[in-house]
There are 2 protein chains.
Amino acid sequence: MSDLLSVAKLAGVSRATAARAFSSPDLVRPATREKIFNAAQQLSFRPNKVAQQLRSQATQMIGVMVPSLDNPVFAEQLQAMEVAARASSYSLLVTTSEYSPSREEEIVEEMLRQRVDGLVLTVADAGNSAVLEKLRLENTPCLLVYNPPGNSGYASIGVDNNAAGADATRHLLTLGHERIGMVAGPLLQSDRAQQRYEGYRHAMRDAGFKPRPVVEMNRHTQADLASLTPELNGPDFLTAVICTNDLLAISLMGELQRAGFSVPGDLSVMGFDGIALGKHLYPSLCTIEQPRAEIGRTAVQTLLAMIRGESCTPAPLPHALRQGESVGIPTFRKSMLGTS
Amino acid sequence: MSDLLSVAKLAGVSRATAARAFSSPDLVRPATREKIFNAAQQLSFRPNKVAQQLRSQATQMIGVMVPSLDNPVFAEQLQAMEVAARASSYSLLVTTSEYSPSREEEIVEEMLRQRVDGLVLTVADAGNSAVLEKLRLENTPCLLVYNPPGNSGYASIGVDNNAAGADATRHLLTLGHERIGMVAGPLLQSDRAQQRYEGYRHAMRDAGFKPRPVVEMNRHTQADLASLTPELNGPDFLTAVICTNDLLAISLMGELQRAGFSVPGDLSVMGFDGIALGKHLYPSLCTIEQPRAEIGRTAVQTLLAMIRGESCTPAPLPHALRQGESVGIPTFRKSMLGTS
DNA sequence: TGAAAGAATGAGATCGATCTCATTTGTTTG
DNA sequence: CAAACAAATGAGATCGATCTCATTCTTTCA
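What you are looking at is a predicted structure, and each value in this text was computed from that prediction instead of being measured.

*Asks:* Mind showing me how you'd approach the protein's contact with DNA strand D here?
*Replies:* Neighbouring DNA strand D are 24 residues, the closest being A:Ser14, A:Thr17, A:Thr32, B:Leu4 and B:Arg55. Between DNA strand D and the protein, one listed contact pairs a phosphate oxygen with a backbone N or O atom of A:Ser14 at 2.7 Å. Looking at the surface near DNA strand D, the elements that each hand over two or more residues are α2 (15-23) and α4 (49-56) of chain A together with α2 (15-23) and α4 (49-56) of chain B. At four residues, α2(A) tops the list of elements feeding residues into the surface near DNA strand D.

*Asks:* Where do I start with the domain arrangement of chain A in this structure?
*Replies:* You'll often see interface size given as the accessible area lost when the parts meet. Along its sequence, chain A is organised into domain 1 (4-47), domain 2 (57-157 + 292-318) and domain 3 (161-285). Each of domain 1 of chain A and domain 2 of chain A has a C-alpha centre, and the two are 38 Å apart.

*Asks:* Just checking my understanding: could you explain the sheet that holds strand β6 (residues 180-184) of chain A for this structure?
*Replies:* Either a parallel or an antiparallel arrangement is found when strands of a sheet pair, and the pairing is made through backbone hydrogen bonds. All names here are of chain A. The six strands are arranged β7-β6-β8-β9-β10-β11 in an open sheet whose pairing can be described as mixed. Both outer strands of the open sheet, β7 (215-216) and β11 (320-322), are each paired with one neighbouring strand and no more. Judged from the three bridges that link them, strand β10 (residues 286-289) and β11 form a sheet pairing that is antiparallel. Directly across from Glu289, in β11, lies its bridge partner Ala320.

*Asks:* Honestly, the sheet that holds strand β8 (residues 240-243) of chain B in this entry has me stumped. Any pointers?
*Replies:* Residue and element names in this part refer to chain B. Overall, mixed pairing links the six strands, which are arranged β7-β6-β8-β9-β10-β11 in an open sheet. Edge positions in the open sheet fall to β7 (215-216) and β11 (320-322), since each of these has one partner strand only. Together, β6 (180-184), β8, β9 (268-273), β10 (286-289) and β11 form the strand contacts of helix α8 (residues 161-174), whose direction differs from that of β9 by roughly 160°.

*Asks:* Explain the protein's contact with DNA strand C here, please?
*Replies:* Around DNA strand C there are 27 residues in total, and A:Leu4, A:Arg55, B:Ser14, B:Thr17 and B:Thr32 lie nearest to it. By atom count, sugar and phosphate contribute 62% of the portion of DNA strand C lying within 4 Å of the protein. In the model, a phosphate oxygen of DNA strand C is placed 2.7 Å from a nitrogen or oxygen of the B:Thr17 side chain. For the surface near DNA strand C, the element with the most residues is α2(B), which contributes four residues. Within the surface near DNA strand C, the residues separate by chemical class into 11 nonpolar, seven polar and nine charged.

*Asks:* What am I meant to see in helix α11 (residues 246-258) of chain B here?
*Replies:* Each α-helix winds once per 3.6 residues, and so residues spaced three or four apart point in a common direction. Residues and elements named next belong to chain B. Its 13 residues give α11 an end-to-end C-alpha distance of 18 Å, which sits within 8% of 18 Å, the value for a rise of 1.5 Å per residue. Of all 13 residues in α11, 11 are buried; the element is thus mostly enclosed. At its buried positions, α11 is contacted by α5 (72-87), β6, α10 (225-228), β8, β9 and β10. Measuring from the backbone nitrogen of Leu247 back to the side-chain oxygen at the start of α11 gives 3.1 Å, which picks out Asn245 as the cap. Phi turns positive, to about 100°, at Gly260, one or two residues after α11.

*Asks:* Would you explain the relation of the copies chain A and chain B in this entry?
*Replies:* Two chain copies, one operation linking them: a rotation about an axis together with a shift along it. When chain A is fitted to chain B, the residual RMSD is 0.0 Å, and the transformation amounts to a turn of 180° plus an axial shift of 0.0 Å. In the structure described here, the two chain copies are related by an operation that fits a two-fold rotation axis. Distance from the rotation axis, computed per C-alpha, reaches its smallest value in chain A at A:Leu93: 2.4 Å.

*Asks:* Please clarify how the UniProt feature "domain: HTH lacI-type" (unreviewed entry) in chain A should be interpreted in this entry.
*Replies:* When the UniProt feature table is mapped to this numbering, "domain: HTH lacI-type" (unreviewed entry) covers residues 1-56 of chain A. In residues 1-56 of chain A, the share of helix is 68% and the share of strand is 0%. The end C-alpha atoms are 21 Å apart.

*Asks:* Help me understand the interface of chain A and chain B, please; the structure alone is not making it clear to me.
*Replies:* Between chain A and chain B, the residue contacts involve 53 residues of the former and 53 residues of the latter. The junction of chain A with chain B conceals about 5,100 Å² of combined surface from both sides, 53% of it contributed by carbon and sulfur atoms. Three residues, A:Arg46, A:Arg115 and A:His280, lead the burial of chain A against chain B; their summed loss comes to 14% of the area buried on that side. Our enumeration of links across chain A and chain B arrives at nine salt bridges. A salt bridge links A:Glu98 to B:Arg86; its shortest N-O distance comes to 4.0 Å. Viewed at the interface, chain B and chain A are joined by 30 residue pairs in polar contact (both at pLDDT 80 or more). At the level of elements, α4, α5 (72-87), β2 (91-96), α6 (101-113) and α11 (246-258) of chain A are the ones that each hand at least two residues to the side of chain A that touches chain B. Here the element with the most residues in the side of chain A that touches chain B is α5(A); it accounts for seven residues. Counted by class, the side of chain A that touches chain B contains 20 nonpolar, 16 polar and 17 charged residues.

*Asks:* Sorry if this is basic, but what is going on with the pairing of strand β3 (residues 118-121) of chain B here?
*Replies:* Note on strand geometry: in a regular strand, side chains alternate between the two faces of the sheet. Residue and element names in this part refer to chain B. Side chains Gly118 and Val120 project from β3 onto one buried face, and the interleaved Leu119 and Leu121 project onto a second face that is buried too. Strand direction decides the pairing type here: strand β1 (residues 61-66) and β3, joined by four bridges, are parallel. The residue bridging Gly63 from the neighbouring strand is Leu119, located in β3. As paired elements, β3 and strand β4 (residues 142-145) share three bridges and run parallel to each other. The residue bridging Leu121 from the neighbouring strand is Leu144, located in β4. Chirality of the crossover, the property in question, places the unit of β3, helix α7 (residues 130-135) and β4 among those that are right-handed.

*Asks:* How should the pattern of salt bridges be read in this particular structure?
*Replies:* Close approach of charged atoms allows side chains of opposite charge to pair. Summed over the entire model, instances satisfying the criterion amount to 37 salt bridges over all chains. Taking the shortest distance from any N to any O, the salt bridge between B:Glu310 and B:Arg308 comes out at 2.9 Å. Residue classification places B:Glu310 among the partly exposed positions, given a relative accessible area of 40%. A relative accessible area of 56% means that B:Arg308 is categorised as exposed. Several salt bridges converge on common partners, so that one network encompasses A:Arg46, B:Glu109, B:Arg113, B:Lys134 and B:Glu138.

Reading guide: rules and limits
- Residues numbered from 1 in each chain as written.
- Chains lettered and ligands numbered in written order.
- Predicted model: local features only at pLDDT ≥ 70, side-chain atom pairs only at ≥ 80, totals over all residues.
- Heavy atoms only, no water.
- Near = heavy atom within 4 Å.
- Polar contact = N/O pair within 3.5 Å; in protein donor to acceptor, adjacent residues only side chain to side chain.
- Helix = DSSP H or I, 4+ residues; strand = E, 2+ residues; numbered from the N terminus.
- Domains from an automatic or database assignment.
- Pairing = 2+ DSSP bridges.
- Contact = heavy atoms within 4.5 Å.
- Axes fitted to C-alpha atoms, helices over the stretch in contact; angles between N-to-C directions.
- Nonpolar A, V, L, I, M, F, W, Y, C, P; charged D, E, K, R; others polar.
- Expected span 1.5 Å × (residues − 1).
- Buried < 20%, exposed > 50% of the residue type's maximum accessible area, 1.4 Å probe, protein only.
- Least-squares fit on C-alpha atoms with pLDDT ≥ 70 in both.
- UniProt positions renumbered as here; feature names shortened; annotations may be inferred.
- Buried area = accessible area lost by both parts, 1.4 Å probe.
- Salt bridge = Lys/Arg side-chain N within 4 Å of Asp/Glu carboxyl O.
- Right-handed = clockwise from strand over helix to strand, strands pointing away.

Okay, structure coming up:
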């Protein structure tokens, strides 16, 4: 691979002049410039970004860490980030933490060594995160996505999960549901899921109903009907559930229907996130839509502002209730699993 | 950010020795090593990868270009690639082409400037691609994913789309379907979709049936029922369709059901790709499963082998028919849309 | 004890681009 | 035509790590 020096030699000028021909062409006499460009062409010269990065002490790279790309929420966010980054001549170094704190640390360390200009992270629990503590000592700009702001001290891009959880609940309440449950992944380990649950409890109490404990599924994005069955039985059976993410909701709907239940006839199901696919299902998924693309775009733009040294306190982005066929009016029913 | 030189100074040794303490500790006397590590700790030294990359002429970075991360096929592949790459201490520079040839060129140029050690690309049409032509002149290892091998001269990781298309068709034929259609995105512009169609035609002819022309949808991953309606009508109405990707199949199923058709009662629907979600739907999606994770993993491993200078001709990976509730035995029916 | 072999360390060049500052070339004008 | 100024170019240092080769310091054993 030819370098600038060989181009300069072939053109009969110094490295400095050759460099100028590219970075500030107007400082070079047109004839000289022409010679340099010709030489570059001839040698198929391609500027070496690594050298530029070392010299300029800036990589024009953003380090991105998401829990997993198997969840479309993150993939869709990343898609938007990539477009936004490229529009500003930045590249993305992408990693997945698989929800593992130790991986989170390795990854961030690695990215700091790579001297990324900034970091966009989604951590498991922002309020209690080793990585974020470590990062506090660094001066690399860092931004959270989806994690609730406030309990970490870091700026964060995302929706108000608490309010969103309440909105979801109120939607169901408005339709006449009273016995509403919340379905979450294991241990409720994600801070956003917790906030959504808070919002749910708040809305339930406000309406004069008793919030229920979370129904925990074994996996993050796949429902197991067995865990829910008890709640569908007995005098207090649920008429609606809110899942902490869309994948959970979709697989729950599938399981329910496969077991002979009707959605929303027997149980209304709401999701959370608003992944694109939910719209096209039948029944279509009623969900709280996070503006995933906008979140990604805003994250990049905010981070770039921070890199430029501007201080900025991003506001929460608006979420929206997406109506869907998976939610209906509660009908009077007997216990669906009644053995009596 | 402190550099090796300051560490060396603080430890009272030369840069060379300080560097050795990290790269080959056994060449440094334990006492000296200790001093250096202490100094490094004290200055919170973090090796600069950019400098290492410049010096070693290797970035340990793989450039990845996929059409879009909004499609879980690519996201799931990328997820696996990331894990595999990190396991070998490589990083991923991720970009999306949005199916645009001009973007493809910009992206590849950018990645070459970044001196990635290798490229993993999924292009729109490998047989007719400007980027690939340009890349032929470079000596950066390059690997295709999903694109059919053969018509480009590049090694490629993926399944045998032709055989897979035939397998899908034969599955339907075995169940008794005869009037089977194929549904694709706009212009059949993807080379893999074309191959799948070839396989379909082959299988149909082998079975003594007339292959039908492709039913083209307006969008890549979203079905519009109107385009299909004519085929569901008249004496020759379809009893089954194969979609060229899962997203198309899922949205088609939704549209059909929403319009009052039953799946598979009125129409059996097959997908292609095997995205994770399909399993959890109801009806679950019958599809040809590409081993997306294995494809990603193999792509990384093959590319790393190429980077090491080993020559390798990857074999196609096995696809599998995933049974699903979206396909059934054809029932005798009248034209579903009959206006008579 | 001394010389030879081996271990440990340092000086300096290198990777490729770019910046500063000095120097040369070219242009303008009295 | 020469002086004064502006434009164009070059020499050399720099970014941070690492490699080569030379040098110094330890061992070891005759």
